[in-house]
Amino acid sequence: MILDNILEEINKAEDIVILTHETPDGDAIGSSLALYGALKSMGKKADVIIPECPEIFNFLPWYEEIRKEGKEEKYSLAIALDCSDIKRLNGFAKYFETAKTKIVIDHHGSNTMFGDFNFVNPDSPAACQILVTVLEYMGIEINKGIGACIATGIITDTGGFRHSTIKPETFEFTAELLKKGVNISSIYRRVMQITSMRQFEIRRIALNRMEFLEDGKIAFTYITKKEQEELGIGVGDHEGIVEFGRDVEGVEVSIFLRELPDGGYKASFRSNEYVNVSDICLLFGGGGHPKAAGCNINLPLEQSKEKLVSETKKYLK
Ligand code: 5GP
Ligand code: MN
């Protein structure tokens, strides 16, 4: 059984590196820190590497221990969390590739199975929910600290328990965390509700120019590099914009483009009922989940929009 292999590899590893996907969200950071806390409680030597981490997660335990770089020497074990594709480990794939053993723990249906051991469950709404199973199997007590990290990933990746991906276990695990004293309400408010002023301002810009195409079935908006620079937009500040379009009555697909510092655009896709946006993003070299996916596109704004919208149109009823 794959969990036995994972446990055995962790037990024999001398040092472990924990990696996650670029532009990390609550599930990426929550799962990385939960595993880090768990490995520390086992007395393991571990590094968690996240080059750019949104400040809103600074309330999480071990946040201060996140490293921007790994060590020079090779790690004996690398564990990638919440990451579907080795390309999404960004410049940090080197720590994964050079490690003696590689483990992937993830919930993306588009996962390319890039580890020696891949524990991937697309039915799970969050990597953090899979981690509960892994940690329980390993006999690790999910204490208040680890629990706060897990709750963060579950809350953010389910959109605050709203997505159709939620399962009975999502609530059962969360109820357990609540019993252990994890402050679900406070975490919910921090990660789902509070926005910084600059985040509010960039949303205002994106909402102002939001267009509704194809009889209102597609919502489209974008933000430029210049606007992001002027407002001092940092990693994670664009989160939530794409959901505004999705939540308008009649919209099936919401598309949001964010101009990247070194050119090109990052596209975020969300759908409501029937369009599998992961399929669309796969056509552009990206991926994700059926109702939340993304890709990169390297064309000027109008052409990027045209290409993405015309592909999306084919999926509409
Ligand atoms: P977001 O729009 O929040 O950046 O991403 C939505 C979902 O799609 C996340 O699960 C994210 O991991 C995935 N995703 C976003 N961009 C890419 C990409 O370029 N490639 C792949 N494989 N997945 C992506
Ligand atoms: Mn996730």
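The following paragraphs examine the structure supplied in this document. (Residues numbered from 1 in each chain as written. Chains lettered and ligands numbered in written order. Predicted model: local features only at pLDDT ≥ 70, side-chain atom pairs only at ≥ 80, totals over all residues. Heavy atoms only, no water.)

Attention now moves to the coordination of the manganese ion (ligand 2). Donor atoms from the polypeptide that bind the manganese ion (ligand 2) are D27 (OD), D82 (OD), H107 (NE2) and D157 (OD), placed at 2.1 to 2.3 Å. Mapped onto the polypeptide sequence, the residues donating to the manganese ion (ligand 2) form the spacing pattern D-x54-D-x24-H-x49-D. A residue pair is termed long-range when its members are at least 10 positions apart, and D27 in helix α2 (residues 26-41) and D157 in helix α5 (residues 144-157) qualify at 130 residues. An identical accessibility class is assigned to D27 and D157; each is buried. (Donors = N, O, S within 2.8 Å, 3.2 Å for Na, K, Ca; no water. Helix = DSSP H or I, 4+ residues; strand = E, 2+ residues; numbered from the N terminus. Buried < 20%, exposed > 50% of the residue type's maximum accessible area, 1.4 Å probe, protein only.)

Right, let's get into the sheet that holds strand β10 (residues 287-289). Backbone hydrogen bonds hold the strands of a sheet together, and the pairing may be parallel or antiparallel. Taken together, 6 strands build an open sheet; the order of strands is β6-β7-β8-β9-β11-β10 and the sheet is mixed. Each edge of the open sheet is held by one strand with a lone partner, namely β6 (211-213) and β10. When the angles between neighbouring strand axes are averaged without regard to direction, this sheet yields 20 degrees. The sheet contact formed by strand β7 (residues 218-223) and strand β8 (residues 253-259) spans 6 bridges and is parallel. From the neighbouring strand, F220 faces β8, where its bridge partner is I255. Helix α12 (residues 301-313) rests against β6, β7, β8, β9 (265-271) and β11 (292-297) of the sheet, and its axis sits at about 160 degrees to β8. (Pairing = 2+ DSSP bridges. Axes fitted to C-alpha atoms, helices over the stretch in contact; angles between N-to-C directions. Contact = heavy atoms within 4.5 Å.)

With that out of the way, let us pick up the nonpolar core. Formed by 53 residues in total, the largest nonpolar core has its most connected members in I79, I105, L135 and I150. Setting aside chain neighbours within four positions, we find L135 in contact with L35, A38, I140, I142, I146 and I150. (Core = buried A, V, L, I, M, F, W, Y, C linked by side-chain atoms within 4.5 Å.)

Next up on the list: the environment of K291. Within the element layout of this structure, K291 appears in the loop between β10 and β11. Between the C-alpha atom of K291 and that of S185, which follows or precedes it by 106 residues, the distance is 26 Å. Apart from residues lying up to four places away in sequence, K291 is in contact with S164, F269, R270, S271, N272, E273 and V277. For K291, the side chain forms a polar contact with the main-chain oxygen of N272, separated by 3.3 Å. (Polar contact = N/O pair within 3.5 Å; in protein donor to acceptor, adjacent residues only side chain to side chain.)

The topology assignment puts Q199 in helix α8 (residues 197-208). Taking relative accessible area as the criterion, Q199 reaches 9% and is therefore assigned buried. Not counting the four nearest positions on each side in its chain, Q199 is found in contact with I194, G236, D237 and E239.

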